[in-house]
Amino acid sequence: MTDIGDDEEDRFFKVRPYQLTGGRTKVSVPDLELETLLKVTAQGTAAAPRLALERKKISSLCVSPISVAEVSAHLSVPLGVAKVLVGDMIEEGFLSYFQPQYAQAGAGSDRPDLKLLERVLDGLQAL
């Protein structure tokens, strides 16, 4: 897998976010949240050399598990744009996804999970 060159990367980040998604805002994967963890599949690794710049970057980021929020930050795109791109890649079989255990523990209750809130607070304080 080859890295994106600085010139190519600079051009990528000058593209408007709505152009990356073709103006779409709906996420194709219904349970894709900001803390959802992503990992590239064998199919995604094989397809990486012929993927578009942003998809190639997502594939390289997801070699080890990474959250949707982190993908958004690394690409410097809004979370909604990252969700659409990631959702497309999941549907095509290039990425697999799962919810971390702390996110699953709070499912079904009306209150957010304490560990998730602590992670969000830690992240905000790190800014």
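All values reported here derive from a predicted model rather than from experimental measurement. (Residues numbered from 1 in each chain as written. Predicted model: local features only at pLDDT ≥ 70, side-chain atom pairs only at ≥ 80, totals over all residues. Heavy atoms only, no water.)

1. Examining the sheet that holds strand β1 (residues 37-40)
Part 1 of the argument: Spatially, the three strands line up as an open sheet ordered β2-β1-β3, and their pairing is antiparallel. Each edge of the open sheet carries a strand with a single partner, namely β2 (66-67) and β3 (95-98).
Part 2 of the argument: In terms of strand pairing, β1 meets β3 through four bridges, oriented antiparallel. Its bridge partner lying in β3, Val-40 is registered against Leu-95.
Part 3 of the argument: Each of β1 and β3 touches helix α6 (residues 79-91); the most contacted strand, β3, lies at about 110 degrees to it. (Pairing = 2+ DSSP bridges. Helix = DSSP H or I, 4+ residues; strand = E, 2+ residues; numbered from the N terminus. Contact = heavy atoms within 4.5 Å. Axes fitted to C-alpha atoms, helices over the stretch in contact; angles between N-to-C directions.)

2. Section: the pattern of salt bridges
Part 1 of the argument: Applying the stated criterion across every chain yields a total of one salt bridge.
Part 2 of the argument: A salt bridge links Arg-55 to Glu-92, with the nearest nitrogen and oxygen atoms 2.9 Å apart. Pair noted here: Arg-55 is in helix α4 (residues 53-61) and Glu-92 is in the loop between α6 and β3, with a separation of 37 residues, a long-range link. (Salt bridge = Lys/Arg side-chain N within 4 Å of Asp/Glu carboxyl O.)

3. Remarks on the nonpolar core
Part 1 of the argument: Ranked by internal contacts, the top residues of the largest apolar core, which has 22 residues, are Leu-38, Ile-58, Cys-62, Val-71, Val-86 and Leu-95.
Part 2 of the argument: Every element with two or more residues in this core is listed here: β1, α4, α5 (68-75) and α6.
Part 3 of the argument: At six residues, the largest contribution of residues to this core is made by α6. (Core = buried A, V, L, I, M, F, W, Y, C linked by side-chain atoms within 4.5 Å. Buried < 20%, exposed > 50% of the residue type's maximum accessible area, 1.4 Å probe, protein only.)

4. Things to note about α6
The α-helix winds at 3.6 residues per turn, so residues separated by three or four positions along the chain end up facing the same way.
Part 1 of the argument: Between its first and last C-alpha atoms α6 spans 18 Å; for 13 residues at 1.5 Å apiece the expected length is 18 Å, and the two agree.
Part 2 of the argument: For α6, every residue scored as buried is listed here: Val-81, Ala-82, Lys-83, Val-84, Leu-85, Val-86, Gly-87, Asp-88, Met-89 and Ile-90.
Part 3 of the argument: Directly beyond the C-terminal end of α6, a positive phi value near 85 degrees is found at Gly-93. (Expected span 1.5 Å × (residues − 1).)

5. Some details on the packing of α4 against α5
Part 1 of the argument: Where α4 meets α5, the axes come as close as 11 Å, and the angle between the chain directions of the two elements is 130 degrees. Overall, the two elements α4 and α5 adopt an arrangement that is oblique. Seen along the crossing, α4 lies across α5 with a hand that is right-handed. Here Glu-54, Lys-57, Ile-58 and Leu-61 of α4 lie close against α5, whose contacting residues are Val-71, His-74 and Leu-75. (Parallel < 35°, antiparallel > 145°, perpendicular 65-115°, else oblique. Left-handed = near helix turned anticlockwise from the far one by under 90°.)

6. What about the packing of α5 against α6?
Packed helix pairs are specified by the crossing angle of their axes together with the interaxial distance, meaning the distance between the axes.
Part 1 of the argument: The N-to-C vectors of α5 and α6 enclose an angle of 110 degrees; their axes lie 9 Å apart at closest approach. It follows from the interaxial angle that α5 and α6 lie roughly perpendicular. Between α5, through Val-68, Ala-69, Val-71 and Ser-72, and α6, the contact on the second element is made entirely by Leu-79, Ala-82, Lys-83 and Val-86.
Part 2 of the argument: The residue makeup of the contact of α5 with α6, split by class, is six nonpolar, one polar and one charged. (Nonpolar A, V, L, I, M, F, W, Y, C, P; charged D, E, K, R; others polar.)

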